[in-house]
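# Topology and contacts: notes
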2 protein chains.
Amino acid sequence: MSGRLAILGMGPGDPELMTLKAARLLGAAEVVAFFAKRGQPGHARRIAEGRLRGDAEELRFEYPFTTEVPVDHPHYAVELAACYDAAAEAIGARLAAGREVALLCEGDPFFYGSAMYVFDRLAAHHPTIVVPGVTGMSACWTQAGCPIAHGDDVLSVLPGTLDEGALAERLAACDAAVVMKVGRNLEKIRAAAERAGVLARAIYVERGAMPGERVLPLAEAVEPAPYFSMVLVPGRRRPR
Amino acid sequence: MSGRLAILGMGPGDPELMTLKAARLLGAAEVVAFFAKRGQPGHARRIAEGRLRGDAEELRFEYPFTTEVPVDHPHYAVELAACYDAAAEAIGARLAAGREVALLCEGDPFFYGSAMYVFDRLAAHHPTIVVPGVTGMSACWTQAGCPIAHGDDVLSVLPGTLDEGALAERLAACDAAVVMKVGRNLEKIRAAAERAGVLARAIYVERGAMPGERVLPLAEAVEPAPYFSMVLVPGRRRPR
């Protein structure tokens, strides 16, 4: 009989922002799997520190690259697919042997998470549960003391990889926005925010709810931004 | 010396989807405050059940209305402002007396939460911390088994109160979408999804991660939807 796969949202970084359910299932897992950047301990694994069973088997999967290879490069999809295939195979073998596996995911698994690709490969074949988590963007607007969306606001979540014109147009068309994938797109995002007339209220958050957190006006941020950085444009603050 | 105000995201409904931090601060609070609909126990309070100190003072604030009065009605803003003023005054009095107050908020406080209006009134005058929570939309896409956003997807969060043309235009302009405030807007949202060409993949979720949860294709949902309902349009599923 197959073991169960639990895909656990570990939240944005502060281990105390894990849910009670994720903590419980993490503490019960016989196998704990996670992705990590090459040479790094793994962000999700760091959040889980101290909560694994003493005898848990750890499965560490390394991304072949993170931001070094552009998304439209032919190697990108092929090598990532091979990485997810290998992870699914290793996890699937444990499940087939009847073991309970927890796959750790930073933030919320179904919100821009890599765990979705493992879910796609395994959920049809093994009992699977997914535990949602606090997203990185929630941590950022909370740490910035910045209520993001109110009443009937339209909120857009945008990748910083869009070109400046598209970014400006989208920023102008919504009430509130979160721009992810800031990195080397910071100057472009700032220019787009200026064109859209939202620069004055745009906030830059680096490593929200993690060690080394910084919050400053977007106008004052300097490129390059680290991987865990975001730009927030709070919505309409109608006095109430 | 002032007590501290802790605004706690209680998550989407399942009490186990509360964060460890929210559970800890809730269990320590001398005063527990929350909003509730008239005649109802209060959604955030229900999630907290069993975790309050035995001697905690409870402060219950009733909304003057929820969906009965339209947002653009002159009474709407005035009466809600009076409700938030009264809540802030009652909480402020406890803080001034040196008591620790937890204000409970369903979902994530800074994401369309009423607690923002109390934060606006009190944070400048009393030590305040905010604890982010799992949002209702995360619970909905998780319970639907529906990864919502991938890679460079643009995600839009839209109020169902927009008119059909605006909804259709916005649905067509993004990769993934969440439509909130479904209620009596369900038929209009479905028509807009059809015009935008996304009806085939649109999912309707009622009471995600709560008792009575239902997930079905938007095409099959019937009006009126309850308050806790959402429409999800998952983003591009590039095979990977």
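Below: a short report on this structure. (Residues numbered from 1 in each chain as written. Chains lettered and ligands numbered in written order. Predicted model: local features only at pLDDT ≥ 70, side-chain atom pairs only at ≥ 80, totals over all residues. Heavy atoms only, no water.)

## Quick notes on the nonpolar core
Ranked by size, the top nonpolar core spans 92 residues in total, and within it Ile91 of chain A together with Ile91 of chain B carry the most contacts. Not counting the four nearest positions on each side in its chain, isoleucine 91 of chain A is found in contact with Leu5, Ala33, Leu59, Phe61, Val101, Leu103, Val118 and Leu122 of chain A. (Core = buried A, V, L, I, M, F, W, Y, C linked by side-chain atoms within 4.5 Å. Buried < 20%, exposed > 50% of the residue type's maximum accessible area, 1.4 Å probe, protein only. Contact = heavy atoms within 4.5 Å.)

## Regarding unusual backbone geometry
Residues and elements named next belong to chain A. Cis geometry is adopted by the peptide bond preceding proline 224, which originates at glutamate 223 and carries an omega value of -5°. For tyrosine 112, which is not glycine, the phi dihedral falls at a positive 60°. Relative to the assigned elements, tyrosine 112 resides in the loop between β4 (101-105) and α4 (115-122). Overall, tyrosine 112 belongs to the partly exposed group, its relative accessible area being 21%. (Helix = DSSP H or I, 4+ residues; strand = E, 2+ residues; numbered from the N terminus.)

## Thoughts on the sheet that holds strand β10 (residues 229-233) of chain B
Two strands in a sheet stick together by hydrogen bonds in their backbones, pointing the same way (parallel) or opposite ways (antiparallel). The strand order β9(A)-β8(A)-β10(A)-β7(A)-β6(A)-β6(B)-β7(B)-β10(B)-β8(B)-β9(B) describes an open sheet built from ten strands, whose pairing is mixed. Two strands in the sheet have a free side with no partner beyond their single neighbour: β9 (214-217) of chain A together with β9 (214-217) of chain B. Going from strand to strand, the sheet's axes swing by 15° on average, the running direction of each strand aside. Summarising the sheet, strand β6 (residues 155-159) of chain B and strand β7 (residues 176-180) of chain B pair through five bridges and their orientation is parallel. By the bridge assignment, leucine 155 of chain B is partnered in β7 of chain B with alanine 176 of chain B. (Pairing = 2+ DSSP bridges. Axes fitted to C-alpha atoms, helices over the stretch in contact; angles between N-to-C directions.)

## Quick look at the pairing of strand β7 (residues 176-180) of chain A
Residues and elements named next belong to chain A. Within β7, five of the five residues are buried, which leaves it mostly tucked inside the rest of the structure. Alternating residues of β7 divide into Ala176, Val178 and Met180 and Ala177 and Val179, and every residue in both groups is buried. With respect to chirality, the unit in which strand β6 (residues 155-159) leads through helix α6 (residues 164-173) into the neighbouring parallel β7 is right-handed. Examined bridge by bridge, β7 and strand β10 (residues 229-233) share three bridges and lie antiparallel to one another. Residue pairing across strands places valine 179 opposite valine 231, the latter belonging to β10. (Right-handed = clockwise from strand over helix to strand, strands pointing away.)

## A short note on the state of the cysteines
Residue and element names in this part refer to chain A. With the rule as written, the count across this model stands at zero disulfides over all chains. Residue cysteine 140 stays outside any disulfide, its sulfur separated by 10 Å from that of cysteine 146, the closest cysteine. Residue classification places cysteine 140 among the buried positions, given a relative accessible area of 5%. A relative accessible area of 5% means that cysteine 146 is categorised as buried. (Disulfide = S-S within 2.5 Å.)

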